[in-house]
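Here is how the chains run, residue by residue.
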Amino acid sequence: MAKKSLRTLIGASLLAAASLVQADDPRVVAITQIVEHPALDAVHEGVKDELAERGYREGENLRLMHESAQGNSAIASQIARKFVGENPDVIVAIATPSAQTVAAAARNVPVVFSAVTDPVAAKLVQSWEAPGANITGVSDMLPIEKHLDMLQRAMPDAKRIGTVYNPGEANAAALIELLEERLQARGLELVKGAATKTSEVLGAARSLVGKADAIYLTTDNTVISAAEAVISVGERAKIPVFAADTATVERGAVAALGFNYYNHGRQTGAMVARVLEGAGTADMPVETMEELDLYVNPEAAERMGVTLPEYLIQEAVKVVKNDK
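Residues numbered from 1 in each chain as written. Predicted model: local features only at pLDDT ≥ 70, side-chain atom pairs only at ≥ 80, totals over all residues. Heavy atoms only, no water.

Visitor: Explain the environment of Asp213 to me, and be specific about the residues and the numbers.
Guide: Counting through the fold element by element, Asp213 comes out in the loop between helix H7 (201-206) and strand E8 (214-217). With relative accessibility at 25%, the residue Asp213 sits in the partly exposed group. For the pair Asp213 and Gly234, spaced 21 residues apart in sequence, the C-alpha separation works out to 10 Å. Apart from the residues lying within four places of it in its own chain, the contact partners of Asp213 are Met155, Ala158, Lys159, Arg160, Ile239 and Pro240. Within the structure, Asp213 has its side chain in polar contact with the backbone nitrogen of Lys159 (distance 2.9 Å). (Helix = DSSP H or I, 4+ residues; strand = E, 2+ residues; numbered from the N terminus. Buried < 20%, exposed > 50% of the residue type's maximum accessible area, 1.4 Å probe, protein only. Contact = heavy atoms within 4.5 Å. Polar contact = N/O pair within 3.5 Å; in protein donor to acceptor, adjacent residues only side chain to side chain.)

Spelled out as structure tokens, the structure:
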């Protein structure tokens, strides 16, 4: 009995040791996201699916951590410090505010960002071609000229274009500056409504009533997370709302020419996999996306007082139907 018990104890000890080794084996990826809304959620899903396709499966050889800052920069900083303390193999930062907080906290942990418009302006990297530190990623720099082409095809008589933005978000402010420049080149006027937090988006949208012929929303996270507020103003005031984010069309915007953010996440996941396999971030160029999808919502257009041209509807990758 004593020998059997000893063998049993030894066997149990070996199993426990093996379990500890297996627990130490998985690669660790921490994902921080500034806020939850459809586009950024799609990025998160895309990262996970790409890693799985490349052999990194959660619960087997991969441990994933994921937290959202719920739009709060102080919480984003807390998440960044927490993740750095966990010393993961890679930190994935979704959207500019999260990337900036992680970059400030992580000196020795590789960071791959996603859904960051201008990483140079946000002071995340030294250049697009050679980031030069422990951070690189995938940019969603907007093709504003193509967006304005879309808007003018839908509303050729629009002269005053309204927008709501968060002046405290670096990339949002940079986009608005670029938007104003491009509108002026077309002889159009930009009317701005500022919202530093989601609770201010409705008031900012209301400030555009009587001043704007159409509203165009960039990928500003503060605004997109409260896009329904802008859309409700557009419906009541008959001001068509266009967007840079296709998911916003499914929420009631008239049209958008944008990236597929799930594919954006897949592209980010591929970069994460390369880092897990030993690639360095300093010399890994920042990547961009080229393919654009046109989404239209004819019912939303009618509610906002405009009829979309049939040829524009025919060009759409997706015609959304959410009539009320």
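From this point, the narrative continues.
Visitor: Quick rundown of the sheet that holds strand E13 (residues 318-319)? Include the residues and the values.
Guide: The strand order across the open sheet formed by seven strands is E7-E6-E8-E9-E10-E12-E13, and the pairing between neighbours is mixed. Pairing within the sheet leaves two strands with one partner each, and these edge strands are strand E7 (189-194) and E13. Of the strands in this sheet, strand E6 (160-165), E8 and strand E9 (241-243) touch helix H9 (residues 227-237), which is tilted by about 145° from E9. (Pairing = 2+ DSSP bridges. Axes fitted to C-alpha atoms, helices over the stretch in contact; angles between N-to-C directions.)

Visitor: Report on unusual backbone geometry, specifying residues and quantitative values.
Guide: We note that Asn87 has phi near 50°; this positive angle belongs to a residue other than glycine. By the element assignment, Asn87 lies in the loop between helix H3 (73-86) and strand E3 (90-94). Positive phi values are uncommon outside glycine, yet Ala115 reaches one of about 55°. Here Ala115 shows up in strand E4 (residues 111-116).

Visitor: Please set out the sheet that holds strand E5 (residues 135-139) residue by residue, giving values where relevant.
Guide: In space, the six strands of this open sheet follow the order E2-E1-E3-E4-E5-E11, with parallel pairing throughout. The two strands at the open ends of the sheet, each matched to only one other strand, are strand E2 (62-68) and strand E11 (287-288). Examined bridge by bridge, strand E1 (residues 27-33) and E2 share seven bridges and lie parallel to one another. Bridging from a neighbouring strand, Ala30 pairs with Met65 of E2. Lying over the sheet, H3 contacts E1, E2 and E3, oriented at roughly 160° with respect to E2.

Visitor: Just give me the short version of helix H6 (residues 170-185), but keep the residues and values in it.
Guide: With 16 residues, H6 ought to run about 22 Å at 1.5 Å a step, and its terminal C-alpha atoms sit 23 Å apart, in line with that. Residues of H6 that are buried include every one of Asn171, Ala172, Leu175, Ile176, Leu179 and Leu183, and no others. Axial view of H6: buried residues confined to an arc of 135°, hence all on one face. Projecting away from the buried face of H6 at angles above 90 degrees are the exposed residues Glu177, Gln184 and Ala185. Among the structural elements, helix H4 (96-105), E4, helix H5 (144-154), E6, E7 and E8 are those in contact with the buried residues of H6. Gly187 lies just past H6 and shows a positive phi near 75°. (Expected span 1.5 Å × (residues − 1). Arc of directions from axis to C-beta.)

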